[in-house]
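Chain by chain, the residues run as shown.
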Amino acid sequence: MPRGISASASINFEAKKGHSIMQEEFGTIEKAFRILTTRLGTSKVVSSGTDYEKTRNIWNAAVQLYPQIVVLCENTSDVQAAVLAAASCKLSFSVRGGGHDWAGRSVNGQVVADLTRMRGVAIDGHVATIGGGTISTDLAEAASAQGLTAVTGIIGSVGVAGLALGGGYGHLTAKFGMALDNIVGAEVVLADGRVIQTDETQEPDLFWAIRGGGGNFGVVTQLRLKLHPVANIADGIIAFPWEQAGEVFKAYSAMIATLPDGLTVMPTFFAAPDGKLSIVFHLAWCGDQAQDERMIERVKSLGAPTTVQVSRKTLAEVLKEAERRTMTGIHWIVRTVTLPELTPASIQVIRRAMEHRSSPLSWIASHPFYGAGERIPLRSTAFGIRTRHFMVGIYTAWQPGEEAPHRAWADGVEAALKPFALTSSYPNYFGTDRPDQAAQAYGENAGRLLSLKQRYDPNRLFNAISLPESSSKI
Ligand SMILES: Cc1cc2nc3c(=O)[nH]c(=O)nc-3n(C[C@H](O)[C@H](O)[C@H](O)COP(=O)(O)OP(=O)(O)OC[C@H]3O[C@@H](n4cnc5c(N)ncnc54)[C@H](O)[C@@H]3O)c2cc1C
């Protein structure tokens, strides 16, 4: 029976963390539960227990949401059942992939379609077909085993669909564009339950919308992604002392325009476990191995490095290595701004912020966007920005406890960087509490995106990354 509903007819309206179930709502939840268990059996439809807890516990431990019904989907038909039950009973709905949306949008529906059992990768030539719940490591490993590489983000446990539908910056962005630029097709369950194949020729409008518009148009049960004949890359870090920030970033800014597409150099601002701050550039070179040393020297020449750790690895190894450094059980707030360039003034804001951060666990990173992604026409996908930029992620992390100082720090850094920022920012990172960012993120693509939202999901069943509120541009 659904959460808070006892097996006997005597009903316990259980209040969970401020969520109380009203009589009318209870009726619809019970109806959806019956529809689902009739169609799928009881083992795939849960409202408590180990599988339920696994679904609702996501990367950000600060998110504690209690969906009413979790559908443990194993195939497209299960997803279809979940969508139809939520839609017909007028219940809110969300999709749980890798569970890395910091704002918890994967588990904020009354009905959650959990895709974590839909992990799988099949490779045919240079195209991978993956299940909707596949994580980045699954894809990278399967591709690496065939001497190929996929375009993912930098952490292995992030869901590929969640990442790619909203964007997908990573180590190969300069060479192959964003993850979304490597989508060649998808199978999507629409709000009315239809299962649609989409690509450049089939349902091309839907294909356009899902490349940047996130999971707002349907549940992606399969994605087809381009792979590249790159067996391994030179990958690693080159760190500089904090005091050299001024000169290092001056040199970095001058260097960006001269970098080959194969070299992505991502600046991050970190504290070592001893609390010592440093500037760490993550270097990824996917060109000729004979050029590795030359590329490393280019980055070393930005200043007087303290650490140089670069070697040849498969993308799967790169992602696994990064995964080992990620923290679990921590509370997070993520803020973002997109800067057109890293100027001395914006670097000074970031330096000050790191020196006065509210928690030793917090850090700031900047994904550079140049090269192949810049040359893709803005109107060819829904993603809202194609000019050169730096997507800054402000990651506020603290051990479970008082939130206010950390929220204030994150908001303060965001506000201090705003005067230097572009209007567009990264939809996978700004939260539901940033309607101003949602309004601007898609730029010239907002009107088409909203009109397609109206066409494919008129009752707004799907609420993934935030879309602009206004329909004035339709
Ligand atoms: C540790 C960490 C590292 C990250 N690294 C990067 C990075 O390198 N580059 C980058 O660009 N971003 C990065 N991100 C952001 C990340 O791409 C987004 O948070 C992404 O949405 C996560 O996807 P998910 O499936 O893991 O998360 P979920 O929380 O499961 O899903 C995120 C959103 O996508 C929807 N969704 C998921 N799967 C589907 C599907 N199959 N069909 C329809 N909707 C779906 C969900 O409903 C939800 O709204 C990172 C985030 C974290 C926490």
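Analysis parameters
Residues numbered from 1 in each chain as written. Predicted model: local features only at pLDDT ≥ 70, side-chain atom pairs only at ≥ 80, totals over all residues. Helix = DSSP H or I, 4+ residues; strand = E, 2+ residues; numbered from the N terminus. Contact = placed C-beta atoms within 7 Å. Buried ≥ 20, exposed ≤ 12 C-beta atoms within 10 Å, placed from the backbone. Arc of directions from axis to C-beta. pLDDT = per-residue confidence, 0-100. Near = placed C-beta within 6 Å. Nonpolar A, V, L, I, M, F, W, Y, C, P; charged D, E, K, R; others polar. Domains from an automatic or database assignment. Pairing = 2+ DSSP bridges. Axes fitted to C-alpha atoms, helices over the stretch in contact; angles between N-to-C directions. Core = buried A, V, L, I, M, F, W, Y, C linked by C-beta atoms within 7 Å.

**Structural notes on the environment of Lys-44**
Step number 1: Mapped onto the secondary structure, Lys-44 falls in the loop between helix H1 (23-40) and strand S1 (45-46).
Step number 2: Residues Lys-44 and Glu-74 lie 30 residues apart in sequence; the distance between their C-alpha atoms is 8.5 Å.
Step number 3: With residues near it in sequence (within four places) discarded, Lys-44 still touches Val-71, Leu-72, Glu-74 and Asp-78.

**Digging into helix H10 (residues 315-324)**
Step number 1: Among the residues of H10, those classed as buried are Leu-315, Ala-316, Val-318 and Leu-319. Looking down the long axis of H10, one finds its buried residues gathered within 160° of arc, a one-sided arrangement.
Step number 2: Buried residues in H10 make contact with helix H4 (136-145), strand S10 (233-241) and strand S13 (307-313).

**Things to note about the confidence of the model for the chain**
Step number 1: Confidence in the prediction for the chain averages 93 pLDDT; 94% of positions are at 70 or higher.
Step number 2: This stretch, residues 4-18, has a pLDDT under 50; its non-local contacts, to residues over four places away or in other chains, come to 18 contacts.

**What about the site of the ligand?**
Step number 1: Residues in contact with the ligand amount to 34 residues; listed here are only the nearest, Gly-98, Gly-153, Gly-159, Gly-162 and Gly-215.
Step number 2: Elements that contribute at least two residues to the shell around the ligand include exactly strand S3 (93-96), helix H5 (160-166) and strand S9 (219-226).
Step number 3: Among the residues forming the shell around the ligand, the class breakdown is 13 nonpolar, 18 polar and three charged.
Step number 4: In this structure, the shell around the ligand is formed jointly by two domains, domain 1 (23-114) and domain 2 (121-229), each of which donates at least three residues.

**Focus on the domain arrangement of the chain**
Step number 1: By domain assignment, the chain separates into domain 1 (23-114), domain 2 (121-229) and domain 3 (233-437).
Step number 2: For domain 1 and domain 3, the distance between their C-alpha centres works out to 34 Å.
Step number 3: Between domain 1 and domain 3, the contact holds five residues from the first and eight residues from the second.
Step number 4: For the side of domain 1 that touches domain 3, the residue count by class is four nonpolar, one polar and no charged.

**What about unusual backbone geometry?**
Step number 1: One non-glycine residue, Lys-90, lies in the positive phi region at around 55°.
Step number 2: Residue position: Lys-90 is located in the loop between helix H3 (76-88) and S3.
Step number 3: Residue classification places Lys-90 among the partly exposed positions, given that 13 C-beta atoms sit within 10 Å.
Step number 4: Even without glycine at this site, Glu-203 takes up a positive phi of about 45°.

**A word on the sheet that holds S3**
Step number 1: One open sheet holds the four strands; their spatial order is S1-S2-S4-S3, and the pairing between them is mixed. Edge positions in the sheet fall to S1 and S3, since each has one partner strand and no second.
Step number 2: Summarising the sheet, strand S2 (residues 69-72) and strand S4 (residues 111-114) pair through four bridges and their orientation is parallel. Within S4, the residue paired with Leu-72 across the bridge is Asp-114.
Step number 3: The strands that H3 touches are S2, S3 and S4; relative to S4, the one it contacts most, it runs at about 170°.

**Thoughts on the sheet that holds strand S6 (residues 127-131)**
Step number 1: The strand order across the open sheet built from five strands is S5-S6-S9-S7-S8, with neighbouring strands paired in antiparallel fashion. With one partner strand each, in any of the chains shown, strand S5 (121-124) and strand S8 (195-198) form the two edges of the open sheet. Sheet twist, expressed as the mean angle between neighbouring strand axes with direction ignored, is 15°.
Step number 2: For S5 and S6, the ladder comprises four bridges, and the chain directions are antiparallel. Considered in S6, the bridge of Val-121 is made with Ile-130.
Step number 3: Against the sheet, H4 contacts S5 and S6, and its axis sits at roughly 35° relative to S5.

**Looking at the nonpolar core**
Step number 1: One finds Ala-32, Val-71, Ala-82, Ala-86 and Val-111 to be the most contacted residues of the largest nonpolar core, which totals 142 residues.
Step number 2: Discounting chain neighbours no more than four positions away, the residues touching Val-71 are Leu-36, Lys-44, Val-45, Asp-78, Ala-82, Val-111, Val-112, Ala-113 and Asp-114.

**Examining the pairing of S2**
Step number 1: Side-chain alternation along S2 places Ile-69 and Val-71 on one buried face and Val-70 and Leu-72 on a second face that is also buried.
Step number 2: The sheet contact formed by S1 and S2 spans two bridges and is antiparallel. Along S2, the bridge assignment pairs Val-45 with Val-71.

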